[in-house]
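Residue strings, one per chain:
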Amino acid sequence: MIALLKRDLKLALRSGGGFGLSLAFFLIVVMFVPFGVGPNSATLALIAPGILWVGALLASLLSLDRVFQLDFEDGTLDLMATSPLPLEGVVAIKALTHWLTTGLPLSLAAPVLGALLSLPNDAFLWMFVSLLIGTPALSFLGAFGAAITVGLKRGGLLLSLLVLPLYIPSLIFGAQSVTLIMEGLDNATAFALSAAISLLSFAIVPFAAAYAIKVNIR
Amino acid sequence: MRLTDRVLPVVTVLSVGALLVGLIWGFFFTPDDYKQGSTVKIIYLHVPSALMAINAWLMMFVASLIWLIRRHHVSALAARAAAPIGVTMTLIALFTGAIWGQPMWGTYWAWDPRLTSFMILFVFYLGYIALWAAIEDQDTAADLTSVLCLVGSIFALLSRYAVNFWNQGLHQGASLSVDSAQPVDNVFRYPLFVSMAGFMFLFVALVLLRTRTEIRSRRMAALIARERSA
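A few points about the confidence of the model for chain B
Here comes step 1: Residues of chain B with pLDDT of at least 70 account for 89%, and the chain-wide mean is 84.
Here comes step 2: What the predictor reports for the complex is a pTM of 0.88 with an ipTM of 0.88.

A short note on the packing of helix α8 (residues 156–182) of chain A against helix α9 (residues 188–216) of chain A
Helix-helix packing: each pair is described by the crossing angle between the helix axes and the interaxial distance.
All names here are of chain A.
Here comes step 1: With their axes 8 Å apart at the nearest point, α8 and α9 run at an angle of 150° to one another. By the criterion of interaxial angle, the relationship of α8 to α9 is roughly antiparallel. The two elements α8 and α9 meet at a crossing, and its hand is left-handed. For the pair α8 and α9, contact is made by P169, S170, F173, G174, Q176, S177 and L180 and by A190, F191, L193, S194 and I197, respectively.
Here comes step 2: A breakdown of the residues in the contact of α8 with α9 according to their chemical character gives seven nonpolar, five polar and no charged.

Re the nonpolar core
Here comes step 1: Of all hydrophobic cores here, the largest spans 127 residues; its most connected members are A:A143, A:F144, A:A147, A:A212, B:A56 and B:A82.
Here comes step 2: If near-sequence neighbours (up to four positions away) are discounted, A:A147 is found in contact with A:F68, A:V91, A:A209, A:A212 and A:I213.

Regarding the packing of helix α2 (residues 43–70) of chain B against helix α3 (residues 73–105) of chain B
Residues and elements named next belong to chain B.
Here comes step 1: Contact pair α2 / α3: the axes reach a minimum separation of 7 Å and the direction vectors enclose 160°. If you check the angle between α2 and α3, you find them roughly antiparallel. In terms of crossing hand, the pair formed by α2 and α3 is left-handed.
Here comes step 2: Class assignment of the residues belonging to the contact of α2 with α3 gives a composition of 21 nonpolar, eight polar and no charged.

A look at the interface of chain B and chain A
Think of interface size as the accessible area that goes away when the parts come together; that is how it is often given.
Here comes step 1: Listed per partner, the contact involves 20 residues of chain B and 21 residues of chain A.
Here comes step 2: Listed by contribution, the elements that provide at least two residues to the side of chain B that touches chain A are α4 (113–134) and α5 (138–167) of chain B.
Here comes step 3: Among the elements that line the side of chain B that touches chain A, the one with the most residues is α5(B), at 12 residues.

Examining the environment of A:P49
All names here are of chain A.
Here comes step 1: Note that P49 resides in helix α3 (residues 41–62).
Here comes step 2: For the pair formed by P49 and L9, sequence separation is 40 residues and the distance between their alpha carbons is 29 Å.
Here comes step 3: When near neighbours in sequence (up to four residues on either side) are disregarded, P49 contacts M127, A175, V178 and T179.

Considering the confidence of the model for chain A
Here comes step 1: Of all residues in chain A, 98% attain a pLDDT of 70 or more, and the chain-wide mean is 89.
Here comes step 2: Helix α1 (residues 2–13) of chain A is the least confidently modelled element of chain A, averaging 82 in pLDDT, while helix α7 (residues 124–148) of chain A averages 93, the highest of any element.

A word on the environment of A:P34
Residue and element names in this part refer to chain A.
Here comes step 1: Along the polypeptide, P34 turns up in helix α2 (residues 19–37).
Here comes step 2: According to the C-beta neighbour criterion, P34 is partly exposed, with 17 such atoms within 10 Å.
Here comes step 3: Separated by 145 residues in the primary sequence, P34 and T179 have C-alpha atoms spaced 19 Å apart.
Here comes step 4: Residues contacting P34, with those up to four places away along its chain left out, are P39 and L44.

So, how was this worked out
Residues numbered from 1 in each chain as written. Chains lettered and ligands numbered in written order. Predicted model: local features only at pLDDT ≥ 70, side-chain atom pairs only at ≥ 80, totals over all residues. pLDDT = per-residue confidence, 0-100. Axes fitted to C-alpha atoms, helices over the stretch in contact; angles between N-to-C directions. Helix = DSSP H or I, 4+ residues; strand = E, 2+ residues; numbered from the N terminus. Parallel < 35°, antiparallel > 145°, perpendicular 65-115°, else oblique. Left-handed = near helix turned anticlockwise from the far one by under 90°. Contact = placed C-beta atoms within 7 Å. Nonpolar A, V, L, I, M, F, W, Y, C, P; charged D, E, K, R; others polar. Core = buried A, V, L, I, M, F, W, Y, C linked by C-beta atoms within 7 Å. Buried ≥ 20, exposed ≤ 12 C-beta atoms within 10 Å, placed from the backbone.

Right, dumping it as structure tokens:
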């Protein structure tokens, strides 16, 4: 499994791997918000956690295509399915790769981009932590959607339609864990539930996605 | 098919009857509410359709489980057939709610937990229907949509509680929903029950009708395929 992780990471980080693209997309989306909403700092500060979360969500979505599609197209997925490594493990590793190359960089970039949105300085750390804990859910649920649509040639939009509703609880609890801190309230519930959703998706998705892949490569 | 041949006309008559009785009784033969005037009568459309929207998804969940475990084709077809009915019920609930909301609260929409949950349910339905439409091989489609329904149900439930959490800071309690606070008066209650029964029978009738159509179309496709290869 480690070998698969290393291979996928190498592929993702190479020049054709689209590694920097999600970060660039994140930046652009965050930049768009002031253009749309006006440059008033107070307004921006209010909506900053939500915007950063939505941006991270959308940026995650973009790179989901490559989780299984490339291996499906050249037959590697068939090989992986017939190898001694269980398909659930393959799914988990691929989702982990997606998180390492998308969720983790986005979490690190979020405080920096938060400065663009007048995010208060003491919320920087919480923004990073909330995304760090919440983005694994995005990667795993995204992998589930990718597994379902892997057989489709142009499944990108369908993938978004399937995966985005699944993201709603993560978005709510993740954004709330920062907003509550900004309002001076206790965010333990929101944070714990955000972590819980990440763990839940980590537990469920490998099995559901492995089943979907097996169905698709029949 | 023989069982539903006999059951379907009965259910259809029951649904039309109950709907007519419930709606006409409710709309024309009940007094105006002292607080809300006559706008409250839209409850006879709003509540039953909301009820069926949820029930349709539950039925799809059970049917998906049955397909995954027993691989009984009719259950997959029934789930597929129920989805458009469910999405229409959700739409009816959302729109009648908006029509009710304007005179009642002065707004067509509010991000109240209940309304938000229904909007989320609507999107889940859309995804399910889109997936069925996107895949050619019917068995593969049945498998994938079943898994989607199962995982989706977990997250739909999660969303419901997430939305309660998300909104509780703004609106303490369900101050915006009528049927929470005061118990509904007897005068309104019975036509409501009849209307709910009517919608339920309508759902059953429509699902039966659509499933039978799906079964027939599969049989036709099989016959055509057999002809071609013969």
